[in-house]
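The chain contents come next:
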Amino acid sequence: MELPFQHWKHQKSLNQECYHCHNTKIGKIDRWGKDTAHKVCIACHELEDKGPTTCLQCHPKKQKS
């Protein structure tokens, strides 16, 4: 499942300090997947007190047509 993500917005808010997310090299986040996203993204969002931190904030239920 793809989630909405604005890379430029994260770059700007982190003052171009890419190491916050990219721990080894630019362009790739090691072992990227659900577990890594939950560990990296939620922890940062909680620390910064902004951004989604709950399941439904990132994974809204699909509207039935």
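Residue numbers restart at each chain and count upward from 1, following the sequence in its written direction. Confidence filtering applies because this is a predicted model: local features only for residues at pLDDT of at least 70, side-chain atom pairs given and counted only at 80 or more, and all residues used for totals across whole chains, interfaces and linings. No hydrogens and no water enter the side-chain calculation; it runs on all heavy atoms of the structure.

1. Focus: the overall build of the protein chain
Working step 1: Where helices and strands are cited, they refer to DSSP runs of H or I of at least four residues and of E of at least two residues respectively, numbered from the N terminus. On a plain count of helices and strands, the protein chain comes out with three helices and zero strands.
Working step 2: Listing each helix as α and each strand as β along the protein chain from the N terminus yields α-α-α.
Working step 3: Dimensions along the principal axes, computed over C-alpha positions, put the protein chain at roughly 40 × 25 × 20 Å.
Working step 4: The classification of residues rests on relative accessible area computed with a 1.4 Å probe and restricted to protein chains. Under 20% of the type maximum is buried, over 50% is exposed, and intermediate values are partly exposed. Taken across its 65 residues, the protein chain has 9% of its residues classed as buried.
Working step 5: For the protein chain, the computed accessible surface area is about 6200 Å², with 55% contributed by carbon and sulfur atoms.
Working step 6: Neither His nor the chain ends contribute to the count of charged residues, in which Lys and Arg are positive and Asp and Glu negative. We put the charge of a Lys on NZ, of an Arg on CZ, of an Asp on CG and of a Glu on CD. Separation between the mean location of the 11 positive side-chain charges and that of the 7 negative ones in the protein chain comes to 8 Å. The Shrake-Rupley method, run with a 1.4 Å probe, gives the accessible areas here. Residue values count only the displayed protein chains as cover.

2. Quick word on the environment of H45
Working step 1: Locating H45 in the fold gives a position in helix 2 (residues 34–48).
Working step 2: Here H45 falls in the buried class, since its relative accessible area comes to 14%.
Working step 3: Separated by 14 residues in sequence, H45 and H59 have C-alpha atoms that sit 15 Å apart.
Working step 4: In what follows, a contact means two residues having at least one pair of non-hydrogen atoms within 4.5 Å. The residues touching H45, leaving out its near neighbours within four places in the chain, are H10, K50, G51, P52 and T53.

3. Comments concerning helix 2
Working step 1: Helix span is expected to be 1.5 Å times the residue number reduced by one. The end-to-end C-alpha separation of helix 2 is 21 Å, in line with the 21 Å expected for 15 residues at 1.5 Å each.
Working step 2: Of the positions making up helix 2, those classed as buried are T36, A37 and H45. Down the axis of helix 2, the buried set is contained in an arc of 120°. They therefore lie on one face. For helix 2, the exposed residues lying more than 90 degrees away from the buried face are D35, K39, E46 and L47.
Working step 3: In the core, the buried residues of helix 2 are packed alongside helix 1 (7–13).
Working step 4: D49 lies just past helix 2 and shows a positive phi near 55°. Throughout, the arc means that of the directions going from the helix axis to the C-beta atoms.

4. Things to note about a positive patch on the surface
Working step 1: Patches here are clusters of residues that have more than 30% relative accessible area and form no salt bridge, with a 9 Å joining cutoff for like charges and a 5 Å cutoff for nonpolar side chains (Val, Leu, Ile, Met, Phe, Trp, Tyr). A pairing counts as a salt bridge when a side-chain nitrogen of Lys or Arg comes within 4 Å of a carboxyl oxygen of Asp or Glu. Taken together, the side chains of K25, K28, R31 and K39 define a basic patch exposed on the protein surface.
Working step 2: In this structure, K28 sits in the loop between helix 1 and helix 2.
Working step 3: A relative accessible area of 41% places K28 in the partly exposed class.

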